[in-house]
Amino acid sequence: QFGVEPTLVSTGKTSVDLLDQLKDQIHDGEELNILLSLGTLARSVLEDGLQSVAKVSRMNVYKTIPSQNIDKSIIQRIKDDQYDLIILTSPSAFYNLKACMAPFSVKELRFACIGPTTESALHDDGIEPMVVAEKSTANGLFKSVKNYFELTPN
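Residues numbered from 1 in each chain as written. Predicted model: local features only at pLDDT ≥ 70, side-chain atom pairs only at ≥ 80, totals over all residues. Heavy atoms only, no water.

This paragraph deals with the sheet that holds strand E4 (residues 111-113). On the basis of which strands lie adjacent, the open sheet formed by three strands has the order E3-E4-E5 and parallel pairing. Every other strand in the sheet has two partners, leaving strand E3 (86-88) and strand E5 (131-132) as the edge strands with one partner each. Inspection of the sheet shows E4 paired to E5 by two bridges, in the parallel sense. Residue Cys-113 lies in a different strand from E5, and its bridge partner there is Val-132. (Pairing = 2+ DSSP bridges. Helix = DSSP H or I, 4+ residues; strand = E, 2+ residues; numbered from the N terminus.)

Structure representation (structure tokens):
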């Protein structure tokens, strides 16, 4: 969008996939300085994994803060089972929704996840999402949700 071409675009879905691709690009003996520009909730997978091949600095450039203005009527619609699917684009979206729903259990809710990291957050709570995007992008999530509804009987 700003006329800058990325050097590498991960073909994977997770930070582990990106880490593997980055390590493949690093040649023995190179002295690299890598700046990781992340959010405060980002796991340390890249930072930890690159420490052995480069000097790594982490800069947290944003902080995820739960909304203070939750529409209670939407929460009630979820509790009343008046929805088809709840789409989650990050683990923090799940954690914050769960906090909004308390003490109501989220275990029986129908979720779609943008990728395996978000899916893992649900699994940690014993929840199996209805949909996990095949490609961890907005378009990948859209296609996976669309396929789900096309294949699911009413």
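With that settled, consider unusual backbone geometry. Cis geometry marks the peptide bond from Ala-102 to Pro-103, where omega comes out at 5 degrees. Among the secondary structure elements, Pro-103 is positioned in the loop between helix H4 (91-101) and E4. Within the chain, Asp-81 stands out as a residue other than glycine whose phi angle is a positive 60 degrees. Tracing the backbone through its elements, the reader meets Asp-81 in the loop between helix H3 (72-79) and E3. Residue classification places Asp-81 among the partly exposed residues on the basis of a relative accessible area of 45%. (Buried < 20%, exposed > 50% of the residue type's maximum accessible area, 1.4 Å probe, protein only.)

For the rest of this paragraph, the subject is H4. Looking at H4, one finds that the buried residues are Ser-92, Phe-94, Leu-97 and Met-101. Among the structural elements, H3, E3, E4 and helix H5 (116-124) are those in contact with the buried residues of H4. (Contact = heavy atoms within 4.5 Å.)

What follows is about the nonpolar core. Ranked by internal contacts, the top residues of the largest apolar core, which has 15 residues, are Ile-86, Phe-94, Leu-109 and Phe-111. Every element with two or more residues in this core is listed here: H3, E3, H4, E4 and H5. Element by element, the count of residues in this core is highest for H4, at three residues. The residues contacting Phe-94, other than those within four sequence positions of it, are Leu-88, Val-106, Phe-111, Ala-121, Leu-122, Asp-125 and Ile-127. With nine residues, the next largest nonpolar core counts Leu-19, Ile-26, Ile-34 and Ala-54 among its residues. (Core = buried A, V, L, I, M, F, W, Y, C linked by side-chain atoms within 4.5 Å.)

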